There are 2 protein chains.
Amino acid sequence: MAEGAGGTPEPIGRLIDEFHRLPGIGPKSAQRLAYHILRVPERDALALAEAIGDVKRRIIFCSSCLNITESDPCSFCQDQRRDRTIICVVEQPLDILAIERSGSFRGLYHVLHGLLNPMDGVGPEDLHIRELVERVRAGEVTEIIMATNPSLEGEATAMYVQRLLAPAGVRVTRLARGLPSGADLEYADDITLARALEGRQEL
Amino acid sequence: MAEGAGGTPEPIGRLIDEFHRLPGIGPKSAQRLAYHILRVPERDALALAEAIGDVKRRIIFCSSCLNITESDPCSFCQDQRRDRTIICVVEQPLDILAIERSGSFRGLYHVLHGLLNPMDGVGPEDLHIRELVERVRAGEVTEIIMATNPSLEGEATAMYVQRLLAPAGVRVTRLARGLPSGADLEYADDITLARALEGRQEL
């Protein structure tokens, strides 16, 4: 009999397991998603399956900035209107989307695909830092903006890159720390407030 | 250029859209899931794609009870140890799992695949009520348990089926209403408490 516990047909049980492996999808959500797939027209369900396959088949990494792309070099690295003297270093491709949405940056990017994390065994050789050093050595770059998260790992990674690139004479900056726009002083946490005071600016 | 707004490659954008169409998956979650698919090994990503395809290819509906199954009739309808005189009527296949988990029912099932909902244009002909009437007419059945949700639609559907089957001389019951096990009287809602009082039982 090809049925699992409680009479769930094997393909459904397997689909529930696969959904459950996705981040943020609990067992109940996985079950609901699997039964949703069962109910929708075959065309809609297969569109999702094909989109998954397409991503794995067609997406590659830019050989210059390591961003995800369909063609190498990526559209940012190809774009001659962008400032090639500034590189913004991010943890993951999603961060690029956030920075682009801000509309405040017109330079190039570099994706590390991770942050230094000695506790989890992630060292400099696991990130794409070597490629960044090579881009700086090529000569055109004058500033590196470290746009890593304001977390322990993000700060450690920024400091590591800064020390590595200082001898090359390139300017290494990082995103400002302070109160987020629209925040309420009363509810700001201590560290954010301390950083906002440290980084206070002339009016 | 095959890039969308903000430099998202087309396959990623399409996968985000497909995830976003799933119930309970917002735009941010869809984005996170799509980038997760990008990161995991190809084998893991394709396992999800194949599980989706398998569900659509291999799952059929039982010709007797309309439950989902890989082989017709389903394992419940095939199981000669189950009581064939009682049919438990549910809205969807997931409800069968819940009832099986309770371990308190050993009869057969019937899946309506929906509930009466005139507001959304769902009438009796959209549900599998005709098949239920035929099963009752076949003669073996003595009791129909309406296990539809205690909602407006669930109650309306139960009442409709009751009126339809009354002339056939079959007993139509529904699940008891009352306080859920482990509930706190103080926090029970008015209707639940009213139903629990109405249905009070001798100790």
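Residues numbered from 1 in each chain as written. Chains lettered and ligands numbered in written order. Predicted model: local features only at pLDDT ≥ 70, side-chain atom pairs only at ≥ 80, totals over all residues. Heavy atoms only, no water.

Caption draft 1: Layout of the overall build of chain A. Broken down by element type, chain A carries 8 helices and 6 strands. When its helices and strands are written in sequence order, chain A yields α-α-α-β-β-α-β-α-β-α-β-α-β-α. The C-alpha atoms of chain A give a radius of gyration of 22 Å, which is well past the 17 Å a tight globule of 203 residues would have. Projected onto the principal axes, the alpha-carbon positions of chain A cover approximately 70 × 45 × 35 Å. For chain A, buried positions account for 45% of its 203 residues. Of the contacts made within chain A by residues no fewer than 6 positions apart, 45% connect residues no fewer than 24 positions apart. Carbon and sulfur atoms form 52% of the exposed surface of chain A, whose accessible area is close to 11,400 Å². Here chain A contributes 23 positive and 30 negative side-chain charges, whose respective centroids are spaced 3 Å apart. (Helix = DSSP H or I, 4+ residues; strand = E, 2+ residues; numbered from the N terminus. Rg over C-alpha atoms; globule rule 2.2 N^0.38 Å. Buried < 20%, exposed > 50% of the residue type's maximum accessible area, 1.4 Å probe, protein only. Contact = heavy atoms within 4.5 Å. Areas by Shrake-Rupley, 256 points an atom, 1.4 Å probe, with all protein chains shown as cover. Lys, Arg positive; Asp, Glu negative; His and termini not counted. Charge placed at Lys NZ, Arg CZ, Asp CG, Glu CD.)

Caption draft 2: Spatial organisation of the relation of the copies chain A and chain B. When chain A is brought onto chain B, the operation consists of a screw motion whose angular component is 180° and whose axial shift is 0.0 Å, with 0.1 Å RMSD remaining. Given the turn and translation reported, the copies of this chain are related as if by a two-fold rotation axis. Closest approach to the rotation axis within chain A is made by the C-alpha atom of A49(A), at a distance of 2.1 Å. Comparing interface residues between copies, 100% of those in chain A also sit at the interface in chain B, which points to an isologous, same-surface contact. (Least-squares fit on C-alpha atoms with pLDDT ≥ 70 in both.)

Caption draft 3: Structural context of the packing of helix 3 (residues 42–58) of chain A against helix 3 (residues 42–58) of chain B. For the pair helix 3 of chain A and helix 3 of chain B, the least separation of the axes is 9 Å and the interaxial angle reads 165°. It follows that helix 3 of chain A is roughly antiparallel to helix 3 of chain B by the angle criterion. Crossing hand, helix 3 of chain A versus helix 3 of chain B: left-handed. Every residue of helix 3 of chain B that contacts helix 3 of chain A at E42(A), A45(A), L46(A), L48(A), A49(A), I52(A), G53(A) and K56(A) is listed here: E42(B), A45(B), L46(B), L48(B), A49(B), I52(B), G53(B) and K56(B). When grouped by side-chain class, the residues that make up the contact of helix 3 of chain A with helix 3 of chain B number 10 nonpolar, 2 polar and 4 charged. (Axes fitted to C-alpha atoms, helices over the stretch in contact; angles between N-to-C directions. Parallel < 35°, antiparallel > 145°, perpendicular 65-115°, else oblique. Left-handed = near helix turned anticlockwise from the far one by under 90°. Nonpolar A, V, L, I, M, F, W, Y, C, P; charged D, E, K, R; others polar.)

Caption draft 4: Examining the packing of helix 1 (residues 10–20) of chain B against helix 2 (residues 27–39) of chain B more closely. Residues and elements named next belong to chain B. Where helix 1 contacts helix 2, the two axes come as close as 8 Å, and the packing angle between them is 130°. Regarding the angle of helix 1 to helix 2, the classification is oblique. Helix-helix and strand crossings are classified by hand; for helix 1 and helix 2 the assignment is right-handed. Residues I12, L15, I16, F19 and H20 of helix 1 form the contact with helix 2, whose participating residues are P27, A30, Q31, L33, A34, Y35, I37 and L38. Tallied by class, the residues present in the contact of helix 1 with helix 2 amount to 11 nonpolar, 2 polar and no charged.

Caption draft 5: Just unusual backbone geometry, in detail. All names here are of chain A. D72 connects to P73 through a cis peptide bond whose omega is 0°. By the secondary structure assignment, P73 is in the loop between strand 2 (68–69) and helix 4 (75–78). The backbone phi angle of H113 is positive, close to 55°, even though this residue is not glycine.

Caption draft 6: Inspection of the sheet that holds strand 5 (residues 143–146) of chain B at higher detail. Residues and elements named next belong to chain B. Pairing is parallel across the open sheet formed by 4 strands, whose spatial order is 4-3-5-6. The two strands at the open ends of the sheet, each matched to only one other strand, are strand 4 (107–111) and strand 6 (171–174). The sheet shows a mean angle of 25° between the axes of neighbouring strands, taken without regard to direction. Contacting strand 3 (83–90), strand 4 and strand 5, helix 6 (residues 129–137) runs over the sheet at an angle of about 150° to strand 4. Contacting strand 5 and strand 6, helix 7 (residues 152–165) crosses the sheet at an angle of about 165° to strand 5. (Pairing = 2+ DSSP bridges.)

Caption draft 7: Structural detail: the sheet that holds strand 6 (residues 171–174) of chain A. Residue and element names in this part refer to chain A. Taken in spatial order, the 4 strands make up an open sheet running 4-3-5-6, and their pairing is parallel. The open sheet is flanked by strand 4 (107–111) and strand 6, the only strands paired with a single partner. On average, adjacent strands in this sheet sit at an angle of 25° to one another, irrespective of strand direction. Pairing between strand 5 (residues 143–146) and strand 6: 4 bridges, direction parallel.

Caption draft 8: Quick peek at the pattern of salt bridges. Taken as a whole, this structure holds 36 salt bridges over all chains when the rule is applied. A salt bridge links D54(A) to R14(B), with the shortest nitrogen-to-oxygen separation between them at 2.6 Å. One end of the pair, D54(A), is in helix 3; the other, R14(B), is in helix 1, on a second chain. You can call D54(A) buried: its relative accessible area is 15%. Between E131(B) and R130(B) there is a salt bridge; the shortest N-O distance is 3.7 Å. A cluster of three or more residues bridged by salt bridges with shared partners is formed by E10(A), R14(A), D54(B), R57(B), R58(B) and E70(B). (Salt bridge = Lys/Arg side-chain N within 4 Å of Asp/Glu carboxyl O.)

Caption draft 9: Inspection of the interface of chain A and chain B at higher detail. Tallying the contact residues gives 54 residues for chain A and 54 residues for chain B. The junction of chain A with chain B conceals about 5,100 Å² of combined surface from both sides, 68% of it contributed by carbon and sulfur atoms. Summed over the shared surface of chain A and chain B, the result is 6 salt bridges. Residue E10(A) pairs with R58(B) through a salt bridge whose shortest N-O separation is 3.2 Å. The interface formed by chain A and chain B contains 10 residue pairs in polar contact (both at pLDDT 80 or more). (Buried area = accessible area lost by both parts, 1.4 Å probe. Polar contact = N/O pair within 3.5 Å; in protein donor to acceptor, adjacent residues only side chain to side chain.)

Caption draft 10: The pairing of strand 5 of chain B, seen in detail. All names here are of chain B. Along strand 5, one buried face is formed by E143 and I145 and the opposite face, lined by I144 and M146, is buried too. Note that strand 3 and strand 5 share 4 bridges and pair parallel. Note on strand 5: the bridge partner recorded for V89 is M146. For the crossover that starts at strand 5, traverses helix 7 and ends in the parallel strand 6, the hand is right-handed. (Right-handed = clockwise from strand over helix to strand, strands pointing away.)

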